[in-house]
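Structure at a glance
Here's the letter readout for the chains.
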Amino acid sequence: MPPTIHVTQPIPENGLNLLRAEANVIFGPAGRSPTSAELADRVAGVDAVLCFVADPIDANVLAAAARTCRVVANYGVGVDNIDLDAATRLGIQVTNTPDVLTDATADLAFALILAVARDLKGAALLAAGGAWTGIAPTLIFGCDVAGKTLGIVGGGRIGTAVARRGRGFDMPVLYTSRTEKPALTQLGARRIPLDELLALADFISLHVSLNMDTRGLIGRSELARMKPTAFLINTSRGAVVDEPALIAALHARTIAGAGLDVYANEPRIPRELLESPNVVCLPHIGSATRETRARMAEVAACNVLACLRGDVPPNPVNRPMPRQH
Ligand code: DGY
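Now for a quick tour of the structure. (Residues numbered from 1 in each chain as written. Predicted model: local features only at pLDDT ≥ 70, side-chain atom pairs only at ≥ 80, totals over all residues. Heavy atoms only, no water.)

1. A look at the site of the ligand
Inspection of the region around the ligand gives Val 53, Gly 76, Val 77, Gly 78, Leu 101, Arg 237, His 284, Ser 287 and Arg 293 as its neighbouring residues. Gly 78 is positioned with one of its backbone polar atoms (N or O) 2.9 Å from an oxygen atom of the ligand. In this structure, Ser 287 approaches the ligand through a side-chain N or O atom, which is 2.8 Å from an oxygen atom. In isolation the ligand exposes 240 Å². Once the protein is present, 93% of that is buried. Looking at the shell around the ligand residue by residue, the class counts come to three nonpolar, four polar and two charged. (Near = heavy atom within 4 Å. Polar contact = N/O pair within 3.5 Å; in protein donor to acceptor, adjacent residues only side chain to side chain. Areas by Shrake-Rupley, 256 points an atom, 1.4 Å probe, with all protein chains shown as cover. Nonpolar A, V, L, I, M, F, W, Y, C, P; charged D, E, K, R; others polar.)

2. Details of the environment of Arg 165
Inspection of the secondary structure puts Arg 165 in helix 7 (residues 157–168). Residues Arg 165 and Phe 110, 55 residues apart in the sequence, show an inter-C-alpha distance of 7.3 Å. (Helix = DSSP H or I, 4+ residues; strand = E, 2+ residues; numbered from the N terminus.)

3. Describing the pairing of strand 7 (residues 173–176)
The alternating pattern of strand 7 places Val 173 and Tyr 175 on one face and Leu 174 and Thr 176 on the opposite face, and all of these are buried. Crossover connection from strand 6 (residues 150–153) via helix 7 to parallel strand 7: handedness right-handed. (Buried < 20%, exposed > 50% of the residue type's maximum accessible area, 1.4 Å probe, protein only. Right-handed = clockwise from strand over helix to strand, strands pointing away.)

4. Thoughts on the pattern of salt bridges
According to the stated counting rule, one finds eleven salt bridges in the structure shown. Salt-bridge contacts for Glu 22 lead to Arg 309; the nearest nitrogen and oxygen are separated by 2.7 Å. Taken as a pair, Glu 22 in the loop between helix 1 (13–20) and strand 2 (24–27) and Arg 309 in the segment after helix 13 (290–308) lie far apart in primary sequence, 287 residues in all. With relative accessibility at 36%, the residue Glu 22 sits in the partly exposed group. Each of Asp 103, Asp 107 and Arg 165 takes part in a single network of salt bridges with overlapping partners. (Salt bridge = Lys/Arg side-chain N within 4 Å of Asp/Glu carboxyl O.)

5. Quick look at the packing of helix 1 against helix 13
What describes two packed helices is the angle between their axes and the distance between those same axes. Orientation of helix 1 relative to helix 13, taken along the N-to-C sense of each, is 20°, at an axis distance of 7 Å. Taken as axis vectors, helix 1 and helix 13 run roughly parallel relative to one another. Of the two elements, helix 1 crosses helix 13, and the hand of that crossing is right-handed. Counted together, Asn 14, Gly 15, Leu 18 and Leu 19 of helix 1 and Ala 294, Ala 297, Glu 298, Ala 301, Cys 302, Val 304 and Leu 305 of helix 13 form the full contact between these two elements. Partitioned by chemical class, the residues of the contact of helix 1 with helix 13 number eight nonpolar, two polar and one charged. (Axes fitted to C-alpha atoms, helices over the stretch in contact; angles between N-to-C directions. Parallel < 35°, antiparallel > 145°, perpendicular 65-115°, else oblique. Left-handed = near helix turned anticlockwise from the far one by under 90°. Contact = heavy atoms within 4.5 Å.)

6. Some details on the nonpolar core
Ranked by internal contacts, the top residues of the largest apolar core, which has 50 residues, are Leu 19, Leu 50, Phe 203 and Val 304. In contact with Val 304, not counting residues within four places along its chain, are Ile 5, Leu 19, Ala 48, Leu 50, Val 71 and Ala 73. Core analysis: the second largest hydrophobic core is formed by 30 residues, Leu 174, Ala 239, Ala 245 and Tyr 263 among them. (Core = buried A, V, L, I, M, F, W, Y, C linked by side-chain atoms within 4.5 Å.)

7. Examining the side chain of Ser 205
With respect to the helices and strands, Ser 205 occurs in strand 9 (residues 203–206). By relative accessible area, Ser 205 is classed as buried at 0%. In this view, Ser 205 contacts Ala 109, Gly 151, Ile 152, Val 153, Val 162 and Ile 233; residues no more than four positions away in its chain are not counted.

8. Examining the packing of aromatic side chains
Evaluated as defined, the whole model comprises three aromatic pairs. For the pair Phe 52 and Tyr 75, a centre-to-centre distance of 5.5 Å together with 45° between the ring planes defines the contact as tilted. Taken together, the positions of Phe 52 in strand 3 (residues 48–52) and Tyr 75 in strand 4 (residues 71–75) put the pair 23 residues apart, joining distant regions of the chain. By relative accessible area, Phe 52 is classed as partly exposed at 23%. Between Phe 203 and Phe 231, the ring centres sit 5.5 Å apart and the planes meet at 10°, which makes this aromatic pair stacked. You can see Phe 203 sitting in strand 9 and its partner Phe 231 sitting in strand 10 (residues 231–234), a full 28 residues away along the chain. Taking the relative accessible area as the measure of exposure, Phe 203 reaches 1% and is therefore buried. (Phe/Tyr/Trp six-rings, centres within 6.5 Å; stacked < 30°, edge-to-face > 60°.)

As structure tokens, this is what we get:
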């Protein structure tokens, strides 16, 4: 009997075709993330789960899958949606799709930098609203990007790719990271403590994964250290930022604005953020290009198939304990 793979939501065909060549593929409901209870119902008896970063793969879901399931392959790089400890204990391999989404996500972070700097939201609304009366000497003043200081929080692949884009715009780059990052040093970026970076940078771009140490990393006191002319950019995970504190800082204009792709309780975007003229909100589309999502589908499928064959997958995230059966 071919193995059964539960794919929580349809992914690009190239990935599905790889899976269908070796397995029976079943799907969850299209168009939305399943709840944990729905997932727990569906994963019992499957050999593998291919899920998306918004799917809650908690201890209950993993326990429901554990008897037969060998791998949970995340279609995405962040794995904060998966209870890694439970997966490890239950002998389930977790994998992700790093590298292939680095450029797309870095592009989007830089797009947000440009959008907030030049008030593209206000400008697009003016153009679309029909009230534009012609080019004018003081209309829609944005601020320069070239030459401004870029602060990168988190020196991994995506942070480095954003730094590279910043260098292309002649931006001095500061970064904060637990260890020195040779790739960033080579770009001329300077590693400094977070407190200093917050006080010095004009654009602060967050690129840490969400975990116990980074939840709420940017809160009231961190926002208070930022310059009133500085912008916060978040394409990592919403919960890295204390959202009420951000809303308060924006309201009080102690920071200049924010460019956000991620939120603490997705898909809910607080009204205050949506309505704030100096905030650009996007619906978590960091890796959403046709090419990137197709590469992610292939990588996620290859991870599943490797595990089903008993091989070490290309992108393991945990080291599962030996299984009892
Ligand atoms: C990821 O892969 O973690 C991204 O957030 C998906 O766009």
